[in-house]
Amino acid sequence: MEIIQPEHINRAVTIVRQGGLIAFPTETVYGLGAPVSNEDLIKKIFLIKGRPANNPLIVHISDLNQVQSLAFNIPPTFYRLADQFFPGPLTIVLQKRPEISSLISAGQQTIAVRMPKHPIALELIKGLDEPIVAPSANLSGKPSSTCVWHVIQDFEGKIPAVIDGGSCEYGIESTVVDLTTPSPCILRPGCISEDLLEDALGIAFKKATKMEKKASPGTAYRHYAPEANISVFENLHILETYLDQKERKKRFFMSTENLSGFYLVNPSNLYALFRQANEENAEEIILVSCLSRLEPALKDRLEKAIFYSQKPTPFNHNVQA
Ligand code: TXA
Ligand code: MG
């Protein structure tokens, strides 16, 4: 896989124009991009990731004017949020224009739009002169990529190039907010919190219903989890009792508090630590954390990881993107 330096984004533009998929950095995680008008490449994204066709993709824009070509009936609340949080780690679900490929929206009538803050992502979109459709640049069943090495691990020999933007600033995916429902709701927590969004709009959000969550199936897949089971302990005392009673295993120790001998987890290194645990063939991940006290985005990803890590790997692993 070719590693393109940020000063050579033209090279990435050429590769995409010749029909290649490109991985690129954003401020949240790396994305795997294709131009919004290129259905063949968009199909390739699903194929290469092993992503279920019912999981819609986010369209990344570099200019607010591009929204009108993607969505219609755009509510004033969109512009209020865009004004405050674009460019940045916020994705907004709007009503999709019928001419936009339903591959992107996975057959739904809505379209998710975000303007990334990362200069490389913005330059790539500008270079291609159209919005870029991009999921996180990870294989099915793997955590999102937060550096070039993760992209290489997952896609060596499968995509022609990645643009090197170093490590991602936030490390977890954007907040997804749905503005097509009667009142706005958060489909995926991220670093732009519900409080910030409520303040910006001056209204209280409601909890996403099961139906609304169904519209956002990506929030339910196993890719947030490492391969080993995660066991959670609120404090060291409980952990010690547990370890005394258990057989010896290859364990990977992490904590959301500063503890000696433990990796200190935060949103920006969470996925890198999960990948490290996989590489070290850890049989069990020990997490010391008081989950209820964590910020919602980190709590969400850890809870999902715990839940899915404790489930047996499904028969058809490819269905879990
Ligand atoms: O930070 C991010 O959002 C990263 C970077 C690359 O931009 N992208 C990302 O994409 O996380 P992906 O495909 O891994 O996750 C997209 C999420 C999924 O949970 C998907 O179900 C949801 O957004 N989504 C996309 N379009 C949607 C729509 N029309 N309605 C509801 N949910 C949607
Ligand atoms: Mg993803």
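Quick note: structure is the one above.
A brief report on the enclosed structure follows. (Residues numbered from 1 in each chain as written. Chains lettered and ligands numbered in written order. Predicted model: local features only at pLDDT ≥ 70, side-chain atom pairs only at ≥ 80, totals over all residues. Heavy atoms only, no water.)

This next bit is on helix 4 (residues 76–85). Regarding helix 4, the residues found buried are Thr77, Phe78, Leu81, Ala82 and Phe85. The arc that holds the buried residues of helix 4, viewed along the axis, is 135 degrees, so those residues lie on one side. Counted as exposed and oriented over 90 degrees from the buried face of helix 4: Pro76 and Asp83. Looking at the buried positions of helix 4, the neighbouring elements they touch are helix 3 (67–70), strand 6 (90–96), strand 10 (175–178) and helix 7 (194–201). (Buried < 20%, exposed > 50% of the residue type's maximum accessible area, 1.4 Å probe, protein only. Helix = DSSP H or I, 4+ residues; strand = E, 2+ residues; numbered from the N terminus. Arc of directions from axis to C-beta. Contact = heavy atoms within 4.5 Å.)

The subject of this paragraph is the site of ligand 1. Surveying the vicinity of ligand 1 reveals 27 residues, the closest of which are Thr28, Asn55, His60, Ser174 and Ser216. One nitrogen or oxygen atom from the side chain of Thr110 is found 3.0 Å from a nitrogen atom belonging to ligand 1. Notes on ligand 1: free accessible area 680 Å², of which the protein chains cover 99%. Per-element accounting of the shell around ligand 1 gives the leading share, four residues, to strand 7 (residues 110–114). Residues belonging to the shell around ligand 1 are distributed by class as follows: 13 nonpolar, ten polar and four charged. (Near = heavy atom within 4 Å. Polar contact = N/O pair within 3.5 Å; in protein donor to acceptor, adjacent residues only side chain to side chain. Areas by Shrake-Rupley, 256 points an atom, 1.4 Å probe, with all protein chains shown as cover. Nonpolar A, V, L, I, M, F, W, Y, C, P; charged D, E, K, R; others polar.)

In this section: the state of the cysteines. This model, assessed by the stated rule, comprises zero disulfides. Here Cys185 stays free of any disulfide, with the sulfur of Cys191 as its closest cysteine sulfur at 19 Å. (Disulfide = S-S within 2.5 Å.)

Right, let's get into the sheet that holds strand 14 (residues 263–264). Strand order in the open sheet made by the four strands is 12-15-13-14, with parallel pairing throughout. If you trace the sheet from one side to the other, it starts and ends with strand 12 (229–233) and strand 14, each paired once. The pairing of strand 13 (residues 251–255) with strand 15 (residues 284–288) spans five bridges and is classified as parallel. The residue bridging Ser255 from the neighbouring strand is Val288, located in strand 15. Contacts from helix 9 (residues 236–245) reach strand 12, strand 13 and strand 15 within the one sheet, and its direction differs from that of strand 15 by about 155 degrees. Running at roughly 165 degrees to strand 13, helix 10 (residues 270–279) makes contact with strand 12, strand 13, strand 14 and strand 15 of the sheet. (Pairing = 2+ DSSP bridges. Axes fitted to C-alpha atoms, helices over the stretch in contact; angles between N-to-C directions.)

It is worth spelling out the nonpolar core at this point. Core analysis: the biggest nonpolar cluster contains 67 residues, and Ile22, Leu81, Leu94 and Leu124 have the highest contact counts within it. Ranked by size, the runner-up nonpolar core spans 24 residues in total, among them Leu273, Ala277, Leu291 and Ala297. (Core = buried A, V, L, I, M, F, W, Y, C linked by side-chain atoms within 4.5 Å.)

Turning our attention to the packing of helix 6 (residues 148–155) against helix 10. Relative orientation of the contacting elements helix 6 and helix 10 amounts to 50 degrees, with a least axis distance of 11 Å. Our classification of the angle between helix 6 and helix 10 gives oblique. The element helix 6 and its partner helix 10 pack so that their crossing is left-handed. Every residue of helix 10 that contacts helix 6 at Trp149, His150, Gln153 and Asp154 is listed here: Ala272, Arg275 and Glu279. Class assignment of the residues belonging to the contact of helix 6 with helix 10 gives a composition of two nonpolar, two polar and three charged. (Parallel < 35°, antiparallel > 145°, perpendicular 65-115°, else oblique. Left-handed = near helix turned anticlockwise from the far one by under 90°.)

So, on to the environment of Ile3. One can find Ile3 in strand 1 (residues 2–4). The exposure class assigned to Ile3 is partly exposed, which follows from its relative accessible area of 40%. When sequence neighbours within four positions are dropped, the list of residues in contact with Ile3 reads Val148, Ile152, Val162 and Asp164.

In the structure shown here, the tally under the stated rule is six aromatic pairs. Aromatic side chains Phe252 and Tyr263 sit 5.0 Å apart centroid to centroid with 15 degrees between the ring planes, which places their arrangement in the stacked category. Taken together, the residues span a long stretch of sequence, with Phe252 in strand 13 and Tyr263 in strand 14 at a distance of eleven residues. Considering the side-chain rings of Phe307 and Tyr308, the 5.0 Å spacing of their centres and the 85 degrees angle between planes classify their relative orientation as edge-to-face. Three or more aromatic residues link up through ring pairs in this structure, and these residues are Phe78, Tyr79 and Phe86. (Phe/Tyr/Trp six-rings, centres within 6.5 Å; stacked < 30°, edge-to-face > 60°.)

Turning next to the pattern of salt bridges. By the definition in use, this model includes ten salt bridges. Among the salt bridges present, the one from Lys117 reaches Glu169, with a minimum N-O distance of 3.6 Å. Of this pair, Lys117 sits in the loop between strand 7 and helix 5 (119–128) while Glu169 is found in the loop between strand 9 (161–163) and strand 10, placing the two residues 52 residues apart along the sequence. Classification of Lys117 by relative accessible area gives partly exposed; the value is 34%. A salt bridge links Lys142 to Asp154; the shortest N-O distance between them is 3.6 Å. Residue Lys142 is found in the loop between strand 8 (132–133) and helix 6, and its partner Asp154 is found in helix 6; the two are separated by twelve residues along the sequence. Each of Glu173, Asp300, Arg301 and Lys304 takes part in salt bridges that share partners, so that together they form one network. (Salt bridge = Lys/Arg side-chain N within 4 Å of Asp/Glu carboxyl O.)

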